[in-house]
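One-letter residues, chain by chain:
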Amino acid sequence: QKLSEEGNKAQKGSKRELSDIRTILLSEGLPVETVLSAPITFFQLVTDTGARIGWGGLEIYDNQAVLRSVVIRSALRKTGAGSILVKALIQEAKDVGLKKIWLLTNNAENFFEKLGFRHALRTDAPKAIQACEEFTWPHHDVAHCMNMKV
C-alpha cells in the first residue's frame, strides 16, 4: 500500500533523538561514528499517529551537502515513504540555500534517479565532502556516487 504525503510528515529530529537515530543506523549497517559531531540535520518521517517510520539527514558543507543515512522501517519500504522523506530533505536543502546534494548508494540508484539525482564522479565532489564519513567509510568503496542541483 502506498503512503501519501498527507498524514505523513517529515520533521527535524531533536538532539535528544540522535542516540535513537544512531541505534537505527547501526542496525542497518550504516556509518555512525560522526553522527553526533558532524554538521548533520536529521529528519524523521512521522505518521499522523506519531509513529516514526523513517530517517535521513543532510550533512552540510558550505553550500553543498551529503544526503546521509536514509532509512525506512523495513515493513514500510516500497510504500512511498522513502520518496516522501527524500523530497522533504531536498526541500530543506532549497530552503537553506544549498546548491547541490551528493550521495552514495550501494543498491538504490534507480530510486534516486527517479527523484532527480544523476550519476557523478566522487572526485568532482568538494574536498570537504570527499573527506566526510559517508565518503570515506570502507563499505562505500564501490558505492555509486550521485548528485543533484537544487
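Here is what the cut-offs are and how they apply
Residues numbered from 1 in each chain as written. Predicted model: local features only at pLDDT ≥ 70, side-chain atom pairs only at ≥ 80, totals over all residues. Heavy atoms only, no water. Helix = DSSP H or I, 4+ residues; strand = E, 2+ residues; numbered from the N terminus. Areas by Shrake-Rupley, 256 points an atom, 1.4 Å probe, with all protein chains shown as cover. pLDDT = per-residue confidence, 0-100. Core = buried A, V, L, I, M, F, W, Y, C linked by side-chain atoms within 4.5 Å. Buried < 20%, exposed > 50% of the residue type's maximum accessible area, 1.4 Å probe, protein only. Contact = heavy atoms within 4.5 Å.

Asker: Explain the overall build of the chain residue by residue, including any values.
Answerer: Each helix and strand counted, the chain has five helices and seven strands in total. The secondary structure elements of the chain, listed N-terminal to C-terminal, are β-α-β-β-β-α-β-α-β-α-α-β. A total accessible area of about 8100 Å² is found for the chain, and carbon and sulfur atoms account for 49% of it.

Asker: Describe the confidence of the model for the chain, with residues and values.
Answerer: Confidence in the prediction of the chain, expressed as mean pLDDT, is 83, and 77% of residues score 70 or more. Mean pLDDT per element in the chain: helix α1 (residues 18–27) is the minimum at 68, and strand β6 (residues 118–119) is the maximum at 98.

Asker: Tell me about the nonpolar core, and please be specific about residues and values.
Answerer: It is characteristic of soluble globular proteins that their nonpolar side chains tend to be buried jointly. Within the largest apolar cluster, 23 residues are counted, with the highest numbers of intra-cluster contacts made by Leu58, Leu67, Val86, Ile101, Phe112 and Phe117. The leading source of residues in this core is helix α2 (residues 81–95), at seven residues. Residue contacts for Phe117: discarding those within four places in its chain leaves Leu67, Val86, Ile90, Ile101, Leu103, Phe112, Met146, Asn147 and Met148. Core analysis: the second largest hydrophobic core is formed by nine residues, Val66, Trp102, Leu104 and Ala143 among them.

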